[in-house]
Amino acid sequence: MKDLKSKKKSTFRVGRKKFYAFFFVLLIVVFSFLAFGKNGLIDLVKLNKEKDKLTAEKQGIEEENARLVEEIRLLKVDDKYIAMTARKELGMIRTNEVLYKLEKK
């Protein structure tokens, strides 16, 4: 009778160990797929970094666009701004003005 009880206990222990080993291997496989598989955690981190980069780039483009819209508005309505821009970008001068160009040493 004692042999039968001890045999059941040892069989139960072996079965329990097999179950734990199988469960552990299953967890490793599932975690591997979650971390390294397609659309896994690593891809999620990469995509978040790319999203942040694109968001910053978009912000810069929106600021540049706002600046250009304001410049267009000024060029349409402000004669002083037009004159300043012509002098600065095209090197134009007014009537009766003399332009001196100095060389840097």
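These numbers were taken from a predicted model, which means no experiment stands behind them.

Undergrad: It is not clear to me how the overall build of the chain should be interpreted in this structure. Could you clarify?
TA: Each helix and strand counted, the chain has 3 helices and 0 strands in total. The order of helices and strands in the chain, counted from the N terminus, is α-α-α. Element-wise, carbon and sulfur atoms account for 64% of the exposed surface of the chain, whose accessible area totals about 10700 Å².

Undergrad: Explain the packing of helix α2 (residues 41–77) against helix α3 (residues 79–90) here, please?
TA: Describing two packed helices takes the angle between their axes plus the distance from one axis to the other. In contact at an axis separation of 6 Å, α2 and α3 are set at 110° when each is read in the N-to-C sense. One way to sum up the angle between α2 and α3 is to call them roughly perpendicular. In this structure, α2 contributes Glu71, Leu74, Leu75 and Val77 to the contact, and α3 contributes Asp79, Tyr81, Ile82 and Thr85. Its residues placed into classes, the contact of α2 with α3 shows 5 nonpolar, 1 polar and 2 charged.

Undergrad: Even after reading the chapter, I still don't get α3, so can you show me in this structure?
TA: Since the α-helix advances by 3.6 residues per turn, residues separated by three or four positions end up pointing in the same direction. With 12 residues, α3 should reach 16 Å at 1.5 Å per residue; the first-to-last C-alpha distance of 16 Å fits that figure. Listing the buried residues of α3 in full gives Tyr81, Thr85 and Ala86. Seen end-on, α3 carries its buried residues on one side only, within an arc spanning 135°. The outward face of α3, more than 90 degrees from its buried face, is lined by the exposed residues Asp79 and Lys80. Buried residues along α3 sit in contact with α2. Between the side-chain oxygen at the start of α3 and the backbone nitrogen of lysine 80 there is a gap of 3.2 Å, and the oxygen is on aspartate 78. After α3 finishes, the residue glycine 91 shows a positive phi value of roughly 70°.

Undergrad: Before we go on, may I ask you to explain the confidence of the model for the chain in this structure?
TA: Should the pLDDT be low somewhere, the predicted coordinates at that spot are not to be read in detail. Across the chain, pLDDT averages 85, with 87% of residues at or above 70. Within the chain, the element-level pLDDT minimum falls on helix α1 (residues 2–36), averaging 74, and the maximum on α2, averaging 95.

Undergrad: Even after reading the chapter, I still don't get the environment of isoleucine 82, so can you show me in this structure?
TA: Mapped onto the elements, isoleucine 82 comes out in helix α3. C-alpha separation for the pair isoleucine 82 and glutamate 71, spaced 11 residues apart in sequence, amounts to 9.9 Å.

Undergrad: When you look at unusual backbone geometry in this model, what are you seeing that I'm missing?
TA: Trans is the common state for peptide bonds, and a negative phi is the common state for residues other than glycine. A positive phi angle, close to 70°, is found at asparagine 96, a residue other than glycine. With respect to the secondary-structure elements, asparagine 96 resides in the segment after α3.

Undergrad: For this particular structure, what's the right way to read the packing of aromatic side chains?
TA: Where two aromatic rings form a pair, the distance of their centres and the angle of their planes describe that pair. One pass over the full model with this rule turns up 2 aromatic pairs. With a centroid separation of 5.8 Å and 55° between ring planes, the pair formed by phenylalanine 19 and tyrosine 20 is classed as tilted. Residue phenylalanine 19 is classed as partly exposed on the basis of its relative accessible area, which comes to 49%. One aromatic cluster is present, formed by Phe19, Tyr20 and Phe23 through successive ring pairs.

What counts and what doesn't
- Sequence order as written defines the numbering, with residues in each chain counted from 1.
- With pLDDT at 70 or above as the cut-off, local features in this predicted model cover only qualifying residues; side-chain atom pairs require 80 or more to be listed or tallied, and sums for whole chains, interfaces and linings still use all residues.
- Excluding hydrogens and water, the side-chain values take into account all heavy atoms of the structure.
- By definition, any uninterrupted DSSP run of H or I lasting at least four residues is a helix, any uninterrupted run of E lasting at least two residues is a strand, and each is numbered from the N terminus.
- Accessibility throughout is a Shrake-Rupley quantity obtained with a 1.4 Å probe, and a residue counts as covered only by protein chains that appear here.
- Fitted lines through C-alpha atoms give the axes, limited to the stretch in contact for helices. The angle between two N-to-C directions lies from 0 to 180 degrees.
- Angle categories are assigned with fixed cut-offs, so that under 35 degrees is roughly parallel, over 145 is roughly antiparallel, 65 to 115 is roughly perpendicular, and the rest are oblique.
- A contact between two residues is defined here by any heavy atoms of the two lying within 4.5 Å.
- Amino acids are sorted into nonpolar (Ala, Val, Leu, Ile, Met, Phe, Trp, Tyr, Cys and Pro), charged (Asp, Glu, Lys and Arg) and polar (every other residue, Gly among them).
- The span expected for a helix works out to 1.5 Å for each residue beyond the first.
- For each residue, the accessible area found with a 1.4 Å probe, counting protein chains only, is set against the maximum for its type, and the residue is called buried under 20%, exposed over 50%, and partly exposed in between.
- The directions from the helix axis to the C-beta atoms are what the arc is built from.
- Throughout this description, a polar contact denotes any pair of N or O atoms lying within 3.5 Å of each other; where both atoms belong to protein, one of them has to be capable of donating a hydrogen while the other can accept it, and for residues adjacent in sequence the pair is counted only when both atoms sit in side chains.
- The predictor reports its confidence for every residue as pLDDT, a score running from 0 up to 100.
- Side-chain rings of Phe, Tyr and Trp (the six-membered ring for Trp) are treated as a pair once their centres are within 6.5 Å; stacked means planes under 30 degrees apart, edge-to-face means over 60, and tilted covers the remaining angles.

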